[in-house]
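Structural features, examined
One-letter residues, chain by chain:
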Amino acid sequence: MTEHPTSCDRPSTGADPTDPREALLRTPVPPGPSGSALPAQGCAGQTPPDAGAGSPGTSEHSQPGAEQAAGADGHRPRPGSEGVPVQPDGARSATGVRSGDLPSACAAASGEAAAGAMDSGDLAPGDTAPGDTGPGEAASDGGRQAGPVRPASGVPADTGGRHGGTLGPDRRTGQPTAPGQPTPMRRDGDRLRFVGAATRRIARGMDLDEIVMGLCRATVPTFADAILVYLREPLPVGDERPTGPLVLRLRRTDRIPAERDTEGGFAPAAQPEPSELETVGAELCEVRPGSALAEVLRGVRPVFTDTPSACAALPELLGEERDFALPEGRRAILAPLRGRRRVIGAALFLRGPERVAFEADDLLVAAQLATHSALGIDKAVLYGREAYIADELQRTMLPENLPRCTGVRLASRYLPAAETARVGGDWYDAIPLPGSRVALVVGDVMGHSMTSAAIMGQLRTTAQTLAGLDLPPQEVLHHLDEQAQRLGTDRMATCLYAVYDPVAHRITVANAGHPPPVLLHLGGEAEVLRVPAGAPIGVGGVDFEAVELDAPAGATLLLYTDGLVESRLRDVWTGIEQLRERLAATAQLTGPDHPPPLEALCDEVLDMLGPGDRDDDIALLAARFDGIAPSDVSYWFLDPEDAAPGKARRLARRALARWGMEDLTDAVELLVSEVVTNAVRYASKPVTLRLLRTDVLRCEVGDDVPQLPRLRQARATDEGGRGLYLVNRLARRWGATRLSTGKVVWFELNRG
C-alpha cells in the first residue's frame, strides 16, 4: 500500500520497492480503465497533481488496490474528516468525489489554517480563508488544466440534492451562498474559533485598560462594526458592597474607521456612514432602580435591542437628551457585564445597515465575550488594588527623603524586580549620628514578596533604633542578627553598615554577607573596598568584624544590593567588575578635578542593566564625601567646675571672631553658657565643647551622664529650668543623643 501524504504542501513518496518489508505490503494493481482509479484530490488553494504524472491508471494521491478493497462500485469507504458528516454512497460532490474520499490531512490543514487566521483576528464567522479557491475556479500546473478544487471549508460543495443548489445565506451580505462557498456548518465552526481567539486575547490583559481594549479589538470588525463598553463608576473591589447609586461611565468605544482598506480583509463591503455609529453614546449614565435598563442589567443575558425591554433601556444608557442613530433590526446587542458578585457594566455591539443582522447564535457569542470580559475586569481591579497596596507598602518601608547631613551629599534609587513583583526585601537608609556623623545602611532580605517587605521594615526599624544608640557597626549587625532570629528560623538577610565621620575623614564598615561597596576617587579611579564578607543576618552565632578606611574629600561611596550586579547572565563578581569599570568611565567624562553629579551617576549605574538583568529588586545609595576642613572645627575639653561656663563663653567668642561670625556672638555665648552649665552640674568627667562651621554653625556639648535633658515649662517661682527653653527659642534646631559613654546635646544656628 502507498503511504498517505501527511501534508497538503509536499506529499510523501510511496513504499520503497527495494525494501523487503514494504514488498509484503504492496498489492499489485490490476490493469483497468483509467476511470476506475480515484481522481486526484487537491487541498484548498492547491493544484491537484496531473492524472498522467504517475503510472497509467493511477495518480499520486490514489491508492493501489483500491478497486479490490472498494467493491463493485469502485468506492472504498473511509472515515470522514472531523466535524464533517459522512455522506451516503450515492451522494457525491460537485467534483465527482465522495466526501469520505478526501484525505483527512488536507481537511485538518484547512481547519488549522482557518483557526490560525481566526486567532489573529482576521477571519470573520462565515468567511473563507485566504487562498481558498472560489467556485468555478481551477488551478494550473505547468499549463495543464486541473479538475475542480474542493473548498477549504471541509464540506463538499453540493449543487443539488438535499441543498437544492444553495447552501444558506452569507452571514455578512444575507445573500444566498453560491455552490462551493462555506456552509452554515462552517459558520458555526467559525463562531467557535472566533470565541476562542477573542477570549484568549481578552485573557492576555493584566490591567483594566488592556482587558477592555482586548474586547474592543477582538470584536471590531470581526463580530461587530462598533462597540461601546460601559463600566461602573467606581468599580467595586472584591467583596466590598458598593454604596450610592449605580452609575455607568463610557470606558471605551471602538468602530471601523471610514478609511479602512477592505481589500483582502473581512470588514463590511460597504462601510457605515460615520454619523450612524459615531454619534452613539453618552459619557455618564445613572441607572435608576426599577428602570428598563436596570431590569436588562439584572437579567444578565444579552438581548437584541429590538425587544421592548432593551428598546426602552437604550435611551437611558445612551442619553435621552441627545439624538442617537442605531441601525434598524437585529443589528445591536446589549450585553450586561457581570463579575463574580454583581453587574459591573454593559457592552453594546453594533452593526451597520449594510451588514447582515445578528443571528440568534450571536447572542451566545456576545454572552461568552461579556462573561470573560467581566471576570477579567474583576480580577484586574483586584490586581490593581493589590498593586496599590504593594506600592504603598514599599514606599512607606523606604525613606521618603534622604536627610541633609553635614559633610556628605546623598542620592538613592530603588527599582522593583518586575511589574508583577512591586515589593521586595531591599532597603537603604541614611541616619544622622552625633558629632555630624552619618550611618549608611543597605540591606537585602531574601525574596521579593509581601513577607520579605514586612521583614525588611522590621529590620530597618531595628537598625534605626540601634544607630540612635551610637553603637559600633559590628554591634549593630550583631543585634540585627538576634532580631532576625527572633522573627523566624528562615529569616535571612544581608546588610552593610557604614559610619562616616566628616571631621576625621574616615569611614567604618561592617558587612554581613553583602556585596562590597565601591569607592570612586576624585581622580576617576574606582576601587572595590576590601571588607570582611561576614555571614548573613539570621544565621546566628557569628561574630562580625569592622574595618576603618580613609574617606577622602570628593570621593563617592556606592552601596548597592546584589540585584544590580548579579543575574542569570552573569555572576556577582563579573557584575562588580562591570560596575567598577562603568564608574571609572563615567568619572572620565567630567575630568579628574570634578566628580560627576550624584543623580546623573546613579542613572548611569542603572543604565548598565541589560534586558535580562532584572531578576531581583535593586537598592542603590550613593554618598559624596565633602568632609569638614580642620580649619572649620574647634574642639575643647572643660573640667566640670563652676568656672567652666565662663571659659566656654570666651572660647566660643574667639572662634567666632576667627571665622568672621561676630554677629552670632551674643546668641552663641548665651546658649553655650546654658548647655555647659547643665553638663557640669551632673558630670564627673571632663566636658567636651565643639564648634563646627559648615552651611550652619553647630555647637556640641558632651558629658558622661546618660540621662537626656527634657524640655519643660518652668514655673514663675523656679530658679532654674529655663536653659533648654532658651535653646528651643533661639536655635534653628537642637537635640540630644545618647552615646555609649554618655550623651551629646547640640544646637544649630543659621549663619548670617
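For the structure, see preceding data.
What counts, and at which threshold
Residues numbered from 1 in each chain as written. Predicted model: local features only at pLDDT ≥ 70, side-chain atom pairs only at ≥ 80, totals over all residues. Heavy atoms only, no water. Helix = DSSP H or I, 4+ residues; strand = E, 2+ residues; numbered from the N terminus. Buried < 20%, exposed > 50% of the residue type's maximum accessible area, 1.4 Å probe, protein only. Contact = heavy atoms within 4.5 Å. Areas by Shrake-Rupley, 256 points an atom, 1.4 Å probe, with all protein chains shown as cover. Axes fitted to C-alpha atoms, helices over the stretch in contact; angles between N-to-C directions. Parallel < 35°, antiparallel > 145°, perpendicular 65-115°, else oblique. Left-handed = near helix turned anticlockwise from the far one by under 90°. Nonpolar A, V, L, I, M, F, W, Y, C, P; charged D, E, K, R; others polar. Phe/Tyr/Trp six-rings, centres within 6.5 Å; stacked < 30°, edge-to-face > 60°. Lys NZ or Arg CZ within 6 Å of the ring centre and 35° of its normal. Pairing = 2+ DSSP bridges. Core = buried A, V, L, I, M, F, W, Y, C linked by side-chain atoms within 4.5 Å. Salt bridge = Lys/Arg side-chain N within 4 Å of Asp/Glu carboxyl O. Patch = residues over 30% accessible without salt bridge, like charges linked within 9 Å, V, L, I, M, F, W, Y side chains within 5 Å.

A tally of helices and strands in the chain yields 16 helices and 23 strands. Put simply, the chain has 752 residues, and 48% of those count as buried. For the chain, the proportion of contacts with a sequence separation of at least 24, taken over those separated by at least 6, is 68%. Counting only carbon and sulfur atoms, one obtains 51% of the accessible surface of the chain, whose full area is about 36,100 Å².

Assignment of secondary structure puts His521 in the loop between strand S14 (518–520) and strand S15 (526–528). Sequence-wise, His521 and Leu557 are 36 residues apart; in three dimensions their C-alpha atoms are separated by 8.7 Å. Ignoring any residue separated from it by four or fewer positions in sequence, one finds His521 in contact with Glu527, Pro552 and Ala555.

Our focus in this paragraph is the packing of helix H12 (residues 572–590) against helix H13 (residues 598–606). Each pair of packed helices can be summarised by the angle the axes make with each other and by the distance between the axes. Between H12 and H13, the least distance of the axes is 10 Å, while the angle of their chain directions is 140°. Classified by the angle between their axes, H12 and H13 sit oblique to one another. At the point where H12 passes H13, the crossing takes the right-handed sense. Counted together, Leu579, Arg582, Leu583 and Thr586 of H12 and Leu601, Glu604 and Val605 of H13 form the full contact between these two elements. Along the lines of polarity and charge, the residues of the contact of H12 with H13 split into four nonpolar, one polar and two charged.

Quick look at the packing of aromatic side chains now. One pass over the full model with this rule turns up five aromatic pairs. Judged by centre distance (5.3 Å) and plane angle (40°), the ring pair of Phe223 and Phe358 falls under tilted. Of this pair, Phe223 sits in the loop between helix H5 (208–219) and strand S3 (226–232) while Phe358 is found in the loop between strand S8 (343–350) and helix H9 (360–397), placing the two residues 135 residues apart along the sequence. Each member of the pair, Phe223 together with Phe358, is buried. With 5.3 Å between their ring centres and 80° between their planes, Tyr635 and Phe637 make a pair best called edge-to-face. By relative accessible area, Phe637 is classed as exposed at 55%. Of note, Arg351 hangs over the ring of Phe223, and the distance from its end group to the ring centre comes to 5.6 Å. Over the aromatic face of Trp746 sits the side chain of Arg698, whose NZ or CZ is 4.3 Å from the ring centroid.

Further remarks concern the sheet that holds strand S11 (residues 437–445). Strand order across the open sheet formed by five strands is S10-S11-S12-S13-S16, with antiparallel pairing between neighbours. Only two strands of the sheet have a single neighbouring strand rather than two, namely strand S10 (426–433) and strand S16 (546–550). Averaged over all adjacent pairs, the angle separating strand axes in this sheet is 15°, with direction ignored. Pairing geometry for strand S12 (residues 493–501) and strand S13 (residues 506–512), over seven bridges, is antiparallel. In the strand pairing of S13, Tyr500 is matched with Ile507. Contacts from helix H10 (residues 450–468) reach S10, S11 and S12 within the one sheet, and its direction differs from that of S10 by about 15°.

Pairing in this open sheet of six strands is antiparallel, and the strands run S5-S4-S3-S8-S7-S6 from one edge to the other. Each edge of the sheet is formed by a strand with only one pairing partner; in this case those strands are strand S5 (284–287) and strand S6 (303–304). Sheet strands in contact with H5 are S3, strand S4 (246–255) and S8, and its direction is about 50° off that of S4. Contacting S3, S4, S5, S6, strand S7 (332–338) and S8, helix H8 (residues 308–318) runs over the sheet at an angle of about 130° to S5.

Put simply, Val220 and Pro221 share a cis peptide bond, and its omega is 0°. Among the structural elements, Pro221 can be located in the loop between H5 and S3. Omega for the peptide link from Glu233 to Pro234 comes to -5°, which places this bond in the cis form. On the secondary structure map, Pro234 appears in the loop between S3 and S4. Not every positive phi belongs to a glycine, and Val300 is a case in point at roughly 70°. Within the element layout of this structure, Val300 appears in the loop between helix H7 (292–299) and S6. Not every positive phi belongs to a glycine, and Asp470 is a case in point at roughly 55°.

So, about the nonpolar core. Core analysis: the largest hydrophobic core is formed by 52 residues, its most contacted members being Leu440, Leu477, Leu480 and Phe625. For this core, the element with the most residues is S12, which contributes seven residues. Once residues lying within four places of it in the same chain are set aside, the contact partners of Leu477 are Cys495, Tyr497, Ala510, Asn511, Ala512, Ile537 and Phe544. Residues Ala198, Leu215, Phe223 and Phe358 belong to the second largest nonpolar core, which totals 35 residues.

Another point: the pattern of salt bridges. In the structure shown here, the tally under the stated rule is 28 salt bridges. Arg191 is paired through a salt bridge with Asp361; the nearest N and O atoms lie 3.8 Å apart. One end of the pair, Arg191, is in helix H4 (residues 184–203); the other, Asp361, is in helix H9, and 170 residues separate them in sequence. The shortest N-O distance in the salt bridge between Arg404 and Asp695 comes to 3.9 Å.

Below, the discussion takes up the packing of H5 against H9. One can describe the packing of H5 onto H9 by two numbers: an axis separation of 8 Å at closest approach and a directional angle of 165°. By the angle between their axes, H5 is roughly antiparallel relative to H9. Remark: the crossing between H5 and H9 carries right-handed chirality. When H5 is examined against H9, the residues Leu208, Ile211, Val212, Leu215 and Thr219 are found in contact with a partner set consisting of Leu369, Ser373, Gly376, Ile377 and Ala380. Its residues assigned to classes, the contact of H5 with H9 shows seven nonpolar, three polar and no charged.

Attention shifts here to a nonpolar patch on the surface. The grouping of Tyr388, Ile389 and Met450 at the surface amounts to a nonpolar patch, some 300 Å² of accessible area in total. Its place among the elements puts Met450 in helix H10.

Among the eight residues in strand S21 (residues 696–703), eight count as buried, and that is most of the element. Burial along S21 is two-sided: the face carrying Val696, Arg698, Glu700 and Gly702 and the face carrying Leu697, Cys699, Val701 and Asp703 are both buried. Of the strand pairs in this sheet, strand S20 (residues 687–693) and S21 are connected by six bridges, and their pairing is antiparallel. Bridge assignment links Arg690 to a residue of S21, and that residue is Glu700.

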